[in-house]
Amino acid sequence: MTVLFWMVAGLAAAFTAVRALGVERGTPLVQLVSYTPYAAIGALAAGGIVLAAGATGPGLLCLACGLVLAALVTPRLVPRRPAGEGVRLRVMAANLLFGRGGTAALVEQVKVDDVDVLALQELTAEGLAALEEAGIDALLPHRVVSPAPGGGGAGLFSRHPIDGPGVRTLAPVPMTQTWATVLVPGAGPVAVESAHPYPPRPGRADVWAANLAAQPVPDADGPPRVLLGDFNATLDHAPLRRLLRAGYRDAAAVRGRGLRPTWPYRTVTLPFWTPPVTLDHVLADRRIGVREFGTRRTAHSDHRAVVAELILQPSSG
């Protein structure tokens, strides 16, 4: 039993070191790091059990690992001071699961949440047609779309006029991201992009990391930027944390909801016991305030949509 207890403690220590140092490499480790909140609970529970069994050394090591992991995770549950006054911009991001989530229910949710900008991932031609039939253009008449078969398509819809629309193609696997400068009345331009890095599938963790590294970052001399969508990463992944350090804040974490899971919402392709994690995010330039954050059901998709109310500084003109 002593050997078993030390093995458990060794695994907890190895996991904690990988997460704390941000050195996850390769698909198994990248995927395991997604479950850091569960590992924190597991290490604390294991420490209590092992100590109760009389194995002081491995028990204390498990507890120490659990406390370190908890310290890394719990700040996402502490809300910061809400944003002050300014110009409201409500944004939503939704992964449509190969276009299946492009439904009248999604359009109705856009109406209910009074969304100004909608970012879509996995937009197909069929999904776009379904959204158009449901009346998306009446709510959000300005758009830049790049539908594609499978999961590589994207779209950006806006209530306000847009300027400089474009499509970014991530390599080597062709994942597209649509972007535009949204001209928000009373606040001026805001750069918005629908993000969708390739997932860390077996043998493709390097593509995942490269796609995250290729995401646009805020420029102090340019307009404020919002990057939202399915990042296929949690805040425990080093590449996403590097993106935050480049000038973003995670809207969910700002409001103390950074552990609210978004995937898998429906067990479409995964076993029912798959632990849910937080892969969908709204990253807002630090010049932008965050007043609200929430998740919404997306029919026929395995992701929940994310919604945030952002506060922009009023324009001086």
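Up top is the structure.
Residues numbered from 1 in each chain as written. Predicted model: local features only at pLDDT ≥ 70, side-chain atom pairs only at ≥ 80, totals over all residues. Heavy atoms only, no water.

A.B. asks: Any chance you could explain the packing of helix H3 (residues 36-52) against helix H4 (residues 56-73) here in plain terms?
C.D. replies: Angle between the axes and distance between the axes are the two parameters that describe a pair of packed helices. Following both chains from N to C, one finds H3 and H4 inclined at 155°, their axes separated by 7 Å at the closest point. For the element pair H3 / H4, the angle class is roughly antiparallel. Relative to H4, the crossing made by H3 is left-handed. Across from Thr36, Pro37, Ala39, Ala40, Ala43, Leu44, Ala46, Gly47, Gly48, Val50 and Leu51 in H3, the residues of H4 making contact are Thr56, Pro58, Gly59, Leu60, Cys62, Leu63, Cys65, Gly66, Leu67, Leu69, Ala70 and Val73. Among the residues making up the contact of H3 with H4, the classes are represented as 17 nonpolar, 6 polar and no charged. (Axes fitted to C-alpha atoms, helices over the stretch in contact; angles between N-to-C directions. Helix = DSSP H or I, 4+ residues; strand = E, 2+ residues; numbered from the N terminus. Parallel < 35°, antiparallel > 145°, perpendicular 65-115°, else oblique. Left-handed = near helix turned anticlockwise from the far one by under 90°. Contact = heavy atoms within 4.5 Å. Nonpolar A, V, L, I, M, F, W, Y, C, P; charged D, E, K, R; others polar.)

A.B. asks: Please explain the side chain of aspartate 285 as it appears in this structure.
C.D. replies: Mapped onto the secondary structure, aspartate 285 falls in strand E10 (residues 280-285). For aspartate 285, a relative accessible area of 3% puts it in the buried group. Setting aside residues no more than four positions away along its own chain, aspartate 285 makes contact with Pro218, Pro223, Pro224, Arg225, Gly247 and Tyr248. (Buried < 20%, exposed > 50% of the residue type's maximum accessible area, 1.4 Å probe, protein only.)

A.B. asks: Explanation requested: the pattern of salt bridges in the structure shown.
C.D. replies: When the charged atoms of two side chains with opposite charge come close together, those side chains can pair. Scanning the entire structure with this criterion turns up 15 salt bridges. The closest approach of N and O atoms between glutamate 292 and arginine 90, which form a salt bridge, is 3.3 Å. In this pair, glutamate 292 sits in strand E11 (residues 289-296) while arginine 90 sits in strand E1 (residues 87-95), placing the two residues 202 residues apart along the sequence. Residue classification places glutamate 292 among the partly exposed positions, given a relative accessible area of 37%. On the basis of relative accessible area, arginine 90 is assigned to the buried category, the value being 7%. Between glutamate 309 and arginine 291 there is a salt bridge, and its shortest N-O distance comes to 3.5 Å. With glutamate 309 in strand E12 (residues 305-312) and arginine 291 in strand E11, this pair connects stretches of sequence that are 18 residues apart. On the basis of relative accessibility, which here comes to 7%, the residue glutamate 309 falls in the buried class. The network of salt bridges with shared partners includes Arg90, Asp113, Arg291, Glu292, Arg296 and Glu309. (Salt bridge = Lys/Arg side-chain N within 4 Å of Asp/Glu carboxyl O.)

A.B. asks: What exactly am I supposed to notice about a nonpolar patch on the surface here?
C.D. replies: A surface patch of nonpolar side chains, about 290 Å² in accessible area, is lined by Met1, Leu4 and Val8. Position of valine 8 relative to the elements: it lies in helix H1 (residues 2-21). The exposure class assigned to valine 8 is partly exposed, which follows from its relative accessible area of 32%. (Patch = residues over 30% accessible without salt bridge, like charges linked within 9 Å, V, L, I, M, F, W, Y side chains within 5 Å. Areas by Shrake-Rupley, 256 points an atom, 1.4 Å probe, with all protein chains shown as cover.)

A.B. asks: Looking at this structure, how should I read the packing of H1 against H3?
C.D. replies: Their axes nearest at 11 Å, the elements H1 and H3 cross at an angle of 150°. Considered as vectors, H1 and H3 are oriented roughly antiparallel to each other. Where H1 crosses over H3, the handedness of that crossing is left-handed. Taken together, the residues of H3 that come into contact with H1 (itself represented by Phe5, Val8, Phe15 and Arg19) are Thr36, Ala39, Ala46 and Val50.

A.B. asks: Would you mind showing me how to read helix H8 (residues 205-213) here?
C.D. replies: An α-helix turns once every 3.6 residues. As a result, residues three or four positions apart point the same way. For H8, the set of buried residues is Ala205, Val207, Trp208, Asn211 and Leu212. The buried residues of H8 occupy an angular sector of 160° when the element is viewed end-on, so they sit on one face. In H8, those exposed residues whose orientation departs by more than 90 degrees from the buried face are Asp206 and Ala213. Along its buried surface, H8 packs onto helix H2 (27-33), strand E5 (162-170), strand E6 (175-184) and helix H9 (238-245). (Arc of directions from axis to C-beta.)

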